[in-house]
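These are the residues of each chain, in order.
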Amino acid sequence: MHSRQRRSHLGLLLLASQLFQVGLDNIPPISLAVLGLNVYLFLFPAAPLLKTCVSVQQAYWFRDWSRLLLSPFHHVDDWHLYFNMVSFLWKGIKLERRLGGAWFLYLISVFSVLTGLVYLLVEALLTELMDDQSYSVACAVGFSGVLFALKVLNNHYHPGGVTYVMGLPVSNRYASWVELVLIHLTAPGTSFVGHLAGILVGLLYTSGPLKSIMKRCADFVKLNGYSSHRDTYYSSAGTSGYRGNSEGYSGNFHYAPDYSTDHTASYTGGLTEEQQLEAAIRNSLNDRGQTRERGGPPPYGFSLSQEGNAEDIRWRRLRRFDS
């Protein structure tokens, strides 16, 4: 995250050079798409920087929550974009190959929003503790908060190694914290709290409950999506419907679980409406006869007298369909 400015194109040219050196074919699709989105929004921003940066004042006081979505993908100048995207390039290649494209996209989406929320929380807390409103109006923009979260994740998956931060060898375990301090000291315009928020989100994932919460949400969506796709059912007064499966049309009746039915009654493809009506009457009479033999209750919620003959039954059935 950063705090403001704009425009030359040397950073973009260097980024393009870096991409061609790596080779577009060697960059996984989600990483390439996220990188492309950042470049596109730098060239064609969704709004001016002052309307995309996130702060307690703008997001919470003025309820402009859209800034949580916009701020990570906008940058102050081409150098800001260049350093963030080069850093993301290597992290994205390693993490997307390890986690898979779908989960990596999910991860980027959650981290982008959550980093902004944690940033707001920390800035609001500092406002109260320091009794200083400047923390609430500090406006941050850029992808670096998400990068710090990904850095924590990357170091978690590669423990025991060494990272060089500004030429200094640092254990992967502490690299994020060292980089946080060094960047703040050497680049005063950067958002210390924005970077800290990224580290905290990364730790929530690697050492806290975030990963399990994300898995539960993904499982819930997957389960419901699978169930609704497999068995979409529209009920009208609880007695008729359609099923989205290989059975096709399920008939106009809702059968009690214990009733025995002829499975051919559920198939009506190729029959005219009159033939379907006759088949439905025939099956309903068969069901009634089988139910009575077992001493069960009369089907479909109404009863006929014992004396009713077949013609009377047929007339009553026809009246029911006409209504």
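Before reading further, recall that the structure is shown in the block above.
Residue numbering note: each chain is counted from 1, following its sequence as written. Two thresholds apply to this predicted model, a pLDDT of at least 70 for residue-level local features and 80 or more for giving and counting side-chain atom pairs, whereas whole-chain, interface and lining totals are computed over all residues. To obtain the side-chain values, all non-hydrogen atoms of the structure were used and water was disregarded.

Q: Describe the packing of helix H2 (residues 29-43) against helix H6 (residues 78-99), naming the residues involved and giving the relevant values.
A: In this analysis, axes come from line fits to C-alpha atoms, helices being fitted only over the stretch in contact, and the angle between any two N-to-C directions falls in the range 0 to 180 degrees. Helix and strand assignments follow DSSP, with helices taken as H or I runs no shorter than four residues and strands as E runs no shorter than two, numbered in order from the N terminus. The interhelical angle for the contact between H2 and H6, taken along N-to-C directions, is 170 degrees, at an axis separation of 9 Å. Classified by the angle between their axes, H2 and H6 sit roughly antiparallel to one another. Here Pro 29, Ile 30, Ser 31, Val 34, Leu 35, Asn 38, Val 39 and Phe 42 of H2 lie close against H6, whose contacting residues are Asp 78, Leu 81, Met 85, Phe 88, Leu 89, Gly 92, Ile 93 and Glu 96. Classifying every residue of the contact of H2 with H6 by side-chain character gives eleven nonpolar, three polar and two charged. Geometric relationships in this document are graded by angle, where less than 35 degrees denotes roughly parallel, more than 145 denotes roughly antiparallel, 65 to 115 denotes roughly perpendicular, and other angles denote oblique. Only heavy atoms matter for contacts: two residues are in contact if any of them lie within 4.5 Å across the pair. In the scheme used here, Gly and all other residues not listed as nonpolar or charged are polar, with Ala, Val, Leu, Ile, Met, Phe, Trp, Tyr, Cys and Pro taken as nonpolar and Asp, Glu, Lys and Arg as charged.

Q: Just give me the short version of helix H7 (residues 101-130), but keep the residues and values in it.
A: One less than the number of residues in a helix, times 1.5 Å, gives the span that helix is expected to have. Compared with the 44 Å implied by 1.5 Å per residue over 30 residues, the 42 Å span of H7 between its first and last C-alpha is a close match. Directly beyond the C-terminal end of H7, a positive phi value near 50 degrees is found at Asp 131.

Q: Help me get a handle on the pattern of salt bridges, residues and values and all.
A: Between side chains of opposite charge, pairing is possible as soon as their charged atoms come close. Basic side-chain nitrogens of Lys or Arg form a salt bridge, by our definition, when they fall within 4 Å of a carboxyl oxygen of Asp or Glu. Applying the stated criterion across every chain, the model contains two salt bridges. Salt-bridge contacts for Arg 67 lead to Asp 64; the nearest nitrogen and oxygen are separated by 2.9 Å. A relative accessible area of 4% places Arg 67 in the buried class. The shortest N-O distance in the salt bridge between Glu 179 and Lys 151 comes to 3.1 Å. In this pair, Glu 179 sits in helix H10 (residues 175-186) while Lys 151 sits in helix H9 (residues 144-157), placing the two residues 28 residues apart along the sequence. Taken as a pair, Glu 179 and Lys 151 share a single burial class, namely buried. Burial classes: relative accessible area under 20% of the type maximum marks a residue as buried, over 50% as exposed, and values in between as partly exposed (1.4 Å probe, protein chains only).

Q: Please provide a residue-by-residue account of the pairing of strand S1 (residues 162-165), values included.
A: Here S1 shows a clear split, with Thr 163 and Val 165 buried on one side and none of Val 162 and Tyr 164 buried on the other. In this sheet, strand S2 (residues 168-171) lies alongside S1 in antiparallel orientation, the contact comprising four bridges. In the strand pairing of S2, Val 165 is matched with Leu 168. Paired strands, in this sense, are two strands between which DSSP finds at least two bridges. Hairpin connection, S1 to S2: the antiparallel pair is bridged by two residues, and Met 166 has positive phi, about 55 degrees.

Q: Describe the environment of Ile 30, with residues and values.
A: Residue position: Ile 30 is located in helix H2. As a C-alpha pair, Ile 30 and Phe 104 span 74 residues in sequence and 7.4 Å in three-dimensional space. Not counting residues up to four positions away in its chain, the partners in contact with Ile 30 are Glu 96, Gly 101, Phe 104 and Leu 105.

Q: Go over the side chain of Asp 77 with me, naming the residues and quoting the values.
A: Along the chain, Asp 77 turns up in the loop between helix H5 (67-70) and H6. The exposure class of Asp 77 is buried, given its relative accessible area of 15%. Within 3.5 Å is the distance limit for a polar contact, defined as a pair of N or O atoms, with the added protein rule that one can donate a hydrogen and the other accept it, and that residues adjacent in sequence qualify only through two side-chain atoms. Only 3.1 Å separates the side chain of Asp 77 from the backbone nitrogen of Trp 79, close enough to count as a polar contact.

Q: Describe a nonpolar patch on the surface, naming the residues involved and giving the relevant values.
A: Each patch is built from salt-bridge-free residues with over 30% relative accessible area, joining like charges within 9 Å and nonpolar side chains (Val, Leu, Ile, Met, Phe, Trp, Tyr) within 5 Å. The Shrake-Rupley method, run with a 1.4 Å probe sphere, supplies the accessible areas, and residue values consider only the shown protein chains as cover. Taken together, Tyr 60, Trp 61, Phe 62, Trp 65, Leu 117 and Val 137 make up a surface patch of nonpolar side chains, about 600 Å² in accessible area. Tracing the chain through its elements places Phe 62 in the loop between helix H4 (56-61) and H5. Accessibility expressed as a relative area gives 53% for Phe 62, which makes it exposed.

Q: Account for the nonpolar core, with residues named and values stated.
A: In this structure, Phe 88, Leu 107, Phe 111, Phe 143, Leu 150 and Tyr 205 are the most contacted members of the largest nonpolar core, which totals 47 residues. Within the residue set of this core, elements represented by two or more residues are helix H1 (10-22), H2, H4, H6, H7, H9, helix H11 (192-206) and helix H12 (210-230). The greatest single-element share of this core, amounting to nine residues, is contributed by H7. Setting aside anything within four residues of it in sequence, one finds Phe 111 in contact with Val 146, Ala 149, Leu 150, Leu 153, Val 201, Tyr 205 and Leu 210. Side-chain atoms within 4.5 Å link the members of a nonpolar core, which is a set of buried Ala, Val, Leu, Ile, Met, Phe, Trp, Tyr and Cys residues. Listed in part, the six residues of the second largest apolar core include Phe 148, Leu 180, Ile 183 and Ile 199.

Q: Tell me about unusual backbone geometry, and please be specific about residues and values.
A: Trans peptide bonds make up most of the peptide bonds, and negative phi angles are found at most residues other than glycine. For Arg 63, which is not glycine, the phi dihedral falls at a positive 60 degrees. Note that Arg 63 resides in the loop between H4 and H5. In this structure, Asp 131 is a non-glycine residue whose phi angle is positive, near 50 degrees. With respect to the helices, strands and loops of the structure, Asp 131 is situated in the loop between H7 and helix H8 (134-137).

Q: Explain the state of the cysteines residue by residue, including any values.
A: Here, disulfide denotes a covalent bond that connects the sulfur atoms of two cysteines. Disulfides are defined as cysteine sulfur pairs within 2.5 Å. Throughout the structure, instances matching the rule amount to one disulfide. Between the sulfur of Cys 53 and that of Cys 139 lies a disulfide, 2.0 Å long from S to S. Note on the Cys 53 and Cys 139 pair: the S-S dihedral is about 90 degrees, so by sign convention the disulfide is right-handed. Of this pair, Cys 53 sits in the loop between helix H3 (49-52) and H4 while Cys 139 sits in the loop between H8 and H9, and the two are 86 residues apart along the sequence. Each member of the pair, Cys 53 as well as Cys 139, carries the same accessibility label: buried.

That's the geometry; what it means functionally is another story.
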